[in-house]
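# A closer look at the structure
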Amino acid sequence: MRIPTDRFDPEPLGTPGHARRPANRPEFIRRPLDILDAMRAMRAMRGTRGEPGYRTLRELELLAGPGRLPRSTLGAVLSGRRMPSKELLLTFVGLTAGVAPGSHKSLLWAEAWERADRYRKGATA
């Protein structure tokens, strides 16, 4: 499913409302586009000290291990052609933001994915 930015983002990039939402905070994620924004931000800037982001999807794929973060799937997600699975999102967040599996922060990201999935399916709350 392609993430239609015109339908899902009433506050496009560069507008004041969009600028108030930190991209990498899971508690602010409500829509699939919010996940896309967060993933793009994490890829561009990783770690707590602001190390440079990953240059290639191949680099991420190799760091994640076999089958955990396929670059073709990740490419489709980062280009907005599809929403990530919850597992892919949690692997990506663990790798790019240092979020440990099963941690409180990881649970917040899982909840963020569930909110975005409900939004995508048209459910409320």
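Look up: the structure comes first, before these words.
Residues numbered from 1 in each chain as written. Predicted model: local features only at pLDDT ≥ 70, side-chain atom pairs only at ≥ 80, totals over all residues. Heavy atoms only, no water.

### What to know about the pattern of salt bridges
- Throughout the structure, instances matching the rule amount to 7 salt bridges.
- In this structure, Glu27 engages Arg25 in a salt bridge whose closest nitrogen and oxygen atoms are separated by 2.5 Å.
- Note on Arg25: relative accessible area 35%, which makes it partly exposed.
- Of the charged contacts in the structure, one is a salt bridge between Asp117 and Arg120, with a shortest N-O distance of 2.5 Å. Here Asp117 pairs with Arg120, and both are found in helix 7 (residues 104-121), just 3 residues apart, close to one helical turn.
- Arg120 sits in the partly exposed class, given a relative accessible area of 29%.
- Linked by salt bridges that have partners in common, Arg58, Glu61 and Arg71 make up one network. (Salt bridge = Lys/Arg side-chain N within 4 Å of Asp/Glu carboxyl O. Buried < 20%, exposed > 50% of the residue type's maximum accessible area, 1.4 Å probe, protein only. Helix = DSSP H or I, 4+ residues; strand = E, 2+ residues; numbered from the N terminus.)

### Quick look at the nonpolar core
- With 23 residues, the main nonpolar core has Ile35, Met39, Leu74 and Trp109 as its most contacted residues.
- Going through the elements one at a time, helix 3 (32-44), helix 4 (57-64), helix 5 (71-78), helix 6 (86-97) and helix 7 are the ones with two or more residues in this core.
- Beyond its immediate stretch of four places on either side in the chain, Met39 contacts Leu74, Val77, Leu78, Pro84, Leu88, Leu89 and Phe92. (Core = buried A, V, L, I, M, F, W, Y, C linked by side-chain atoms within 4.5 Å. Contact = heavy atoms within 4.5 Å.)

### Overview of the packing of helix 3 against helix 6
- Interaxial distance between helix 3 and helix 6 falls to 9 Å at its minimum, and their mutual angle equals 30°. By the angle between their axes, helix 3 is roughly parallel relative to helix 6. In this structure, helix 3 meets helix 6 at a crossing whose hand is left-handed. Across the interface between the two elements, Ile35, Met39, Met42 and Arg43 from helix 3 touch Leu88, Leu89, Phe92, Val93, Thr96 and Ala97 from helix 6.
- A per-class count over the contact of helix 3 with helix 6 returns 8 nonpolar, 1 polar and 1 charged. (Axes fitted to C-alpha atoms, helices over the stretch in contact; angles between N-to-C directions. Parallel < 35°, antiparallel > 145°, perpendicular 65-115°, else oblique. Left-handed = near helix turned anticlockwise from the far one by under 90°. Nonpolar A, V, L, I, M, F, W, Y, C, P; charged D, E, K, R; others polar.)

### Examining helix 6
- Compared with the 16 Å implied by 1.5 Å per residue over 12 residues, the 16 Å span of helix 6 between its first and last C-alpha is a close match.
- Among the residues trailing helix 6, Gly98 stands out with phi positive, at a value near 70°. (Expected span 1.5 Å × (residues − 1).)

### Section: the packing of helix 3 against helix 7
- Where helix 3 meets helix 7, the axes come as close as 8 Å, and the angle between the chain directions of the two elements is 140°. Our classification of the angle between helix 3 and helix 7 gives oblique. Along its contact with helix 3, which presents Pro32, Ile35, Ala38 and Met42, the element helix 7 presents Trp109, Ala112, Trp113, Ala116, Tyr119 and Arg120.
- Taken together, the residues of the contact of helix 3 with helix 7 sort by class into 9 nonpolar, no polar and 1 charged.

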